[in-house]
Amino acid sequence: MPQTIFESVYKEMFPFWDSIPDTDKAYICQNSYVITYPKGKNIHDGSECSGVIFVRSGSLRLYILSDEGKDITLYRLHKGDMCMLSASCVLDAITFDVLIDVEEDSECYIIGGSAFAAVAKRNPDVKIFALETAVGRFSDVMWVLQQILFMSMDKRLAIFLSDESARTNSDIIPLTHGQIARYMGSAREVVSRMLKYFAGEGIVEVSRKGIKILDKKRLRKLTF
């Protein structure tokens with residue numbers, strides 16, 4: 001892909017772009033590439049510095065995995081989102097393993113981790129941007145942990161369904177019970193039981209196509 005294509009995207013994406021030397025801009029672009037990932041592929045297992053990932057289309061899931069094999073979704077990345085936690089060589093403070101799976105066929109821009117780290121070392125604005133981006137995502141992680149540790153299951157599920165509906169601008173959420181459970185860090189049986197309760201109360205309708213929200217007002221009340 002021509003360097004100018006990357007540069008036009010990065011100019012919009014990075015607030016530091018106009019403040020770094022042209023040589024560093026060129027270096028980042030020269031070490032950028034486009035990859036199309038198929039659904040279901042693991043693209044980062046935490047063992048290496050995969051680089052900075054920018055999602056152009058599709059969806060990725062970031063999660064941590066216990067020794068027993070249980071995973072907890074930290075957050076998901078959609079079109080326009082960027083991941084810095086996959087670039088451990090840029091942020092030395094990242095000492096835990098984050099895994100990334102492809103939720104649906106996705107096209108991503110990847111900036112080589114060592115190249116981005118070298119530019120960050122020469123330009124404080126780049127380093128600050130990387131840290132601020134990571135801190136913003138840690139806020140998402142803390143929100144997930146807060147829900148798991150302190151919130152009831154009905155409230156957590158109501159928040160998840162409300163957020164998904166708002167994100168997709170649709171009352172229909174085309175996810176299986178297993179997918180919802182994985183995103184919420186729960187068990188499929190627990191999610192199915194709670195969805196059955198919501199359906200019995202007339203809040204949602206459950207079918208093979210997914211979950212249809214019937215009463216947004218009552219669903220929102222459960223989130224408080």
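These numbers were taken from a predicted model, which means no experiment stands behind them. (Residues numbered from 1 in each chain as written. Predicted model: local features only at pLDDT ≥ 70, side-chain atom pairs only at ≥ 80, totals over all residues. Heavy atoms only, no water.)

Next up on the list: the overall build of the chain. If you tally the helices and strands in the chain, you get 8 helices and 9 strands. Dimensions along the principal axes, computed over C-alpha positions, put the chain at roughly 60 × 35 × 30 Å. Per-residue burial over the chain gives 46% buried out of 224 residues. Counted over contacts in the chain with a minimum sequence separation of 6, partners at least 24 positions apart contribute 68%. When the accessible surface of the chain is split by element, carbon and sulfur atoms take 52% of a total near 11,900 Å². Charged side chains in the chain number 28 positive and 29 negative. The centres of these two groups are separated by 8 Å. (Helix = DSSP H or I, 4+ residues; strand = E, 2+ residues; numbered from the N terminus. Buried < 20%, exposed > 50% of the residue type's maximum accessible area, 1.4 Å probe, protein only. Contact = heavy atoms within 4.5 Å. Areas by Shrake-Rupley, 256 points an atom, 1.4 Å probe, with all protein chains shown as cover. Lys, Arg positive; Asp, Glu negative; His and termini not counted. Charge placed at Lys NZ, Arg CZ, Asp CG, Glu CD.)

What follows covers the environment of Phe14. Position of Phe14 relative to the elements: it lies in the loop between α1 (3–13) and α2 (22–30). On the accessibility criterion, Phe14 (2% relative accessible area) is buried. Sequence spacing of Phe14 and Val126 is 112 residues, and the spatial spacing of their C-alpha atoms is 8.6 Å.

It is worth spelling out the pattern of salt bridges at this point. Tallied over the entire structure, the rule returns 13 salt bridges. Where Glu103 meets Arg61, a salt bridge forms, and the shortest distance between an N and an O atom there is 3.7 Å. Remark: Arg61 occurs in strand β3 (residues 52–65) and Glu103 occurs in strand β6 (residues 99–111); sequence separation between them is 42 residues. One salt-bridge network, held together by shared partners, links Arg61, Asp71, Glu103 and Arg182. (Salt bridge = Lys/Arg side-chain N within 4 Å of Asp/Glu carboxyl O.)

Regarding α2, the residues found buried are Asp24, Lys25, Ala26, Ile28 and Cys29. Tucked into the core, α2 has its buried residues touching α1, β1 (32–37), β6 and α3 (113–122).

Moving on, we get to the pairing of strand β4 (residues 71–78). Where burial is concerned, most of β4 is hidden: 6 out of the 8 residues are buried. Linkage of β3 to β4, two consecutive antiparallel strands, is achieved through a turn of 5 residues, within which Gly69 is found at a positive phi near 95°. (Pairing = 2+ DSSP bridges.)

Buried within α3 are the following residues: Gly113, Ala115, Phe116, Ala117, Val119 and Ala120. If you follow the buried residues of α3, they end up packed against α2, β3, β6 and α4 (124–150).

The next point concerns the sheet that holds strand β8 (residues 204–207). One open sheet holds the 3 strands; their spatial order is β7-β9-β8, and the pairing between them is antiparallel. In this open sheet, the two edge strands, each paired with only one partner strand, are β7 (172–173) and β8.

All right, on to the packing of helix α5 (residues 153–168) against helix α7 (residues 188–200) then. Remark: α5 packs on α7, axes separated minimally by 10 Å, with the N-to-C direction vectors making an angle of 80°. The angle between α5 and α7 places the two elements in the roughly perpendicular class. Here Met153, Asp154, Leu157, Ala158 and Leu161 of α5 lie close against α7, whose contacting residues are Val190, Val191, Met194, Leu195 and Phe198. Broken down by class, the residue content of the contact of α5 with α7 amounts to 9 nonpolar, no polar and 1 charged. (Axes fitted to C-alpha atoms, helices over the stretch in contact; angles between N-to-C directions. Parallel < 35°, antiparallel > 145°, perpendicular 65-115°, else oblique. Nonpolar A, V, L, I, M, F, W, Y, C, P; charged D, E, K, R; others polar.)

Before going further, it helps to examine the nonpolar core. Tyr10, Phe14, Leu60 and Phe116 are the most contacted members of the largest nonpolar core, which totals 44 residues. Mapped by element, the contributors of at least two residues to this core are α1, α2, β3, β4, β5 (82–83), β6, α3 and α4. For Phe116, the residues in contact, after removing those within four places along its chain, are Phe14, Phe16, Val52, Met84, Val90, Ile111, Val126 and Ala130. Within the second largest apolar cluster, 20 residues are counted, among which are Met153, Leu157, Leu195 and Phe198. (Core = buried A, V, L, I, M, F, W, Y, C linked by side-chain atoms within 4.5 Å.)

Our next topic: the pairing of β3. Along a regular strand, successive side chains alternate from one face of the sheet to the other. Counting buried residues along β3, 10 of its 14 residues qualify, which places the element largely inside the surrounding structure. In the sheet, β3 pairs with β6 via 10 bridges, with the strands oriented antiparallel. Along β6, the bridge assignment pairs Leu60 with Val102. As defined by bridge partners, β3 adjoins β5 across 2 bridges and the pair is classed as antiparallel. If you follow Ile53 over to β5, its bridge partner there is Cys83.

A separate point is the state of the cysteines. A covalent bond bridging the sulfur atoms of two cysteines is what the word disulfide describes. For the coordinates displayed, the defined rule picks out 0 disulfides. Residue Cys83 stays outside any disulfide, its sulfur separated by 9.8 Å from that of Cys108, the closest cysteine. Relative accessible area serves as the criterion here: at 1%, Cys83 is assigned to the buried category. (Disulfide = S-S within 2.5 Å.)

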